[in-house]
Amino acid sequence: MSYLLEMYSLSASYGTNMVLHDINFKVNESDFIGVIGPNGGGKTTLLKVILGLIKPSGGKIIFNNDLINGNSIGYLPQISTGDINYPVTVADVILSGMMISKRIISRMSVSDKKRAQAVIEELGLSGMADSSLNELSGGQLQRVFLGRAIIGNPKLLLLDEPGNFVDSTFENDFYEKLRDLNKRMAILMVSHDIGMISAHVKSYACVNRELHYHPSSEISNEQLLAYGCPVQLITHGEVPHTVLKIHS
Amino acid sequence: MEGNIFQYGFIIKGLLGAVFASITAGLAGTYIVSRRMVFLSGGITHASFGGIGIGYFAGINPVIGAAVFGILSALGVEYLSVKQKIREDSAIGILWAFGMAIGIIFIYLTPGYSPNLMSYLFGSILTVTNADIIALGIMSVILIVYFGAFYRTILYISFDESFARTYSLYVDVFKYITTALIALTIVLNIRMAGIILVLSLLTIPPNIAMIFTKVYSKIILWSILAGFIGTSTGYVISYYAGIPVGATIIFTLVIIWIIIKVIYQIIRVLNKERTNKQE
């Protein structure tokens, strides 16, 4: 099997503060990995290393050729840093996801615009192409940013705590959509909210300075020790849940 | 009647000045208004007065001094805000006053009386030279080519800079180039509207445009149109009433903005009442 990306004894630091240490991790093209762990544990840093925004301070990261050429990685940031009062339309924002494969001078072609229209319809945003962002609800806004992440048909989609600004009525649709997308791209989804991670996730990576990978859908109470204090899952029953094995 | 040729040249100069000022201010203004850089632009404008003072003192063209000061201060603030080692608004506030102080000191030290000083503060079409008009014309061409070629890149970087960093290595390059062009635009328009008023020439037209549209490219076009109507009307009024042109232009633009805003509100209320009645 060919991997989309491989990490070998990778470490990453902010100054002298080592955030990731000795990470060995592989992602293949059909993966849907939930990346969990406490705040400050290095989850977002892991995504930034994959995006090339942070250079590893040690070890190596190997990308499959598909990830280097053209539309490679789609990214939905934790909180959108874009100013929602900025004069930009829904179609414009989604199209900006195409810039990854564009030269800085090029214009958007008719086929790019058709593709944007297809994404708009796929994400249930029909009729909103020319709306400005401040006219949208939180859930619609998130779909716009998801559209920006997937318009380039990436092989790998990185989601940083997408649950943070999903409105609850859309949450289920959102995860259903991710399951569809997972048929054509690998997904790495960061979540600090371990109790609420989607049932569609196929495997888990626990990140707290180090990374522990749980290949199948298993979960353990010990794994929650990554939080640094005893925690427990609280449910009202009937909720499907997974127990991961103890970190070796 | 006075000499027709003089009058004719004067009108052409005013008209070209209005066209080029509207184009440059429309493009630069849309960028600074949507990126919320109005205060930074105020800092650049006033800092450039330092260059004007040094230009007077050293006997070189004050516009060149202002351009150097404007661009350096703009890049300086942009650089500091990227590094985030300093509060950006404080940095701008310091720069603002420091530039003015340097300007005043050097003009004071310059022997003799500086008759054109007031024209830099308030703008005057009488002291605008052909070279000023040509410079504004060249600036218009540069801005049209730059924004035309890199429209989407500029739009996306200024909308969501940190996302842009995930796909483009040129985010900082674009930010610095655009900021330098904005600074140059401001300095060249100082001759028309003056240091104290030029910022409004950049900020009012996009705000008029945003009443009609929220699409970036359309804001630019509407801004240029609104700017042209404001500057040419202000120019004519100032000519016949014999009042300073910069102040007249700004006054006209604000009046246009208020009138359109009020009309737009009335239309909205009427539309609402009509749909209410239909229901």
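Our subject is the structure that appears above.
This text gives an overview of the structure that appears in the document. (Residues numbered from 1 in each chain as written. Chains lettered and ligands numbered in written order. Predicted model: local features only at pLDDT ≥ 70, side-chain atom pairs only at ≥ 80, totals over all residues.)

### Some points on the overall build of chain A
Line of reasoning, step 1. Of the regular secondary structure elements, chain A holds 6 helices and 9 strands.
Line of reasoning, step 2. Counting all 248 residues of chain A, 38% fall into the buried class.
Line of reasoning, step 3. In chain A, of all internal contacts separated by at least 6 residues, the share reaching a separation of at least 24 is 75%. (Helix = DSSP H or I, 4+ residues; strand = E, 2+ residues; numbered from the N terminus. Buried ≥ 20, exposed ≤ 12 C-beta atoms within 10 Å, placed from the backbone. Contact = placed C-beta atoms within 7 Å.)

### Here we look at helix α2 (residues 38-58) of chain B
Residues and elements named next belong to chain B.
Line of reasoning, step 1. Here α2 spans 31 Å end to end across 21 residues, near enough to the 30 Å set by a 1.5 Å rise per residue.
Line of reasoning, step 2. Where burial is concerned, most of α2 is hidden: 18 out of the 21 residues are buried.
Line of reasoning, step 3. Directly beyond the C-terminal end of α2, a positive phi value near 75° is found at G59. (Expected span 1.5 Å × (residues − 1).)

### What about the interface of chain B and chain A?
Line of reasoning, step 1. Taken together, the contacts link 21 residues of chain B with 20 residues of chain A.
Line of reasoning, step 2. Every element with two or more residues in the side of chain B that touches chain A is listed here: α7 (151-159), α8 (161-167) and α11 (216-241) of chain B.
Line of reasoning, step 3. Classifying every residue of the side of chain B that touches chain A by side-chain character gives 12 nonpolar, 5 polar and 4 charged. (Nonpolar A, V, L, I, M, F, W, Y, C, P; charged D, E, K, R; others polar.)

### Focus on the nonpolar core
Line of reasoning, step 1. One finds V35, I94, L156 and L158 of chain A together with V187 and L201 of chain B to be the most contacted residues of the largest nonpolar core, which totals 135 residues.
Line of reasoning, step 2. With 11 residues, helix α9 (residues 171-193) of chain B is the largest single contributor of residues to this core.
Line of reasoning, step 3. In terms of domain composition, this core takes at least three residues from each of domain 1 (1-72 + 155-248) and domain 2 (85-153) of chain A.
Line of reasoning, step 4. If sequence neighbours within four positions are ignored, V35 of chain A has contacts with K43, L46, L188, M189, V190, A205 and V207 of chain A. (Core = buried A, V, L, I, M, F, W, Y, C linked by C-beta atoms within 7 Å. Domains from an automatic or database assignment.)

### Topic: the pairing of strand β6 (residues 156-160) of chain A
Residue and element names in this part refer to chain A.
Line of reasoning, step 1. A large share of β6 lies buried, amounting to 5 of its 5 residues.
Line of reasoning, step 2. The alternating pattern of β6 places L156, L158 and D160 and L157 and L159 on opposite faces, both of which are buried.
Line of reasoning, step 3. One ladder, built from 4 bridges, connects strand β5 (residues 73-76) with β6; its direction is parallel. Of the residues in β6, the one forming a bridge with Y75 is L158. (Pairing = 2+ DSSP bridges.)

### Focus on the packing of helix α10 (residues 198-212) of chain B against helix α12 (residues 245-278) of chain B
All names here are of chain B.
Line of reasoning, step 1. Put simply, α10 and α12 touch, their axes get as near as 10 Å, and they point 15° apart. With respect to each other, α10 and α12 are oriented roughly parallel. The element α10 and its partner α12 pack so that their crossing is left-handed. In this structure, α10 contributes S200, L201, I204, P205, N207, I208 and I211 to the contact, and α12 contributes I249, I250, L253, V254, I256, W257, I260, K261 and Y264.
Line of reasoning, step 2. Class assignment for the residues of the contact of α10 with α12 results in 13 nonpolar, 2 polar and 1 charged. (Axes fitted to C-alpha atoms, helices over the stretch in contact; angles between N-to-C directions. Parallel < 35°, antiparallel > 145°, perpendicular 65-115°, else oblique. Left-handed = near helix turned anticlockwise from the far one by under 90°.)

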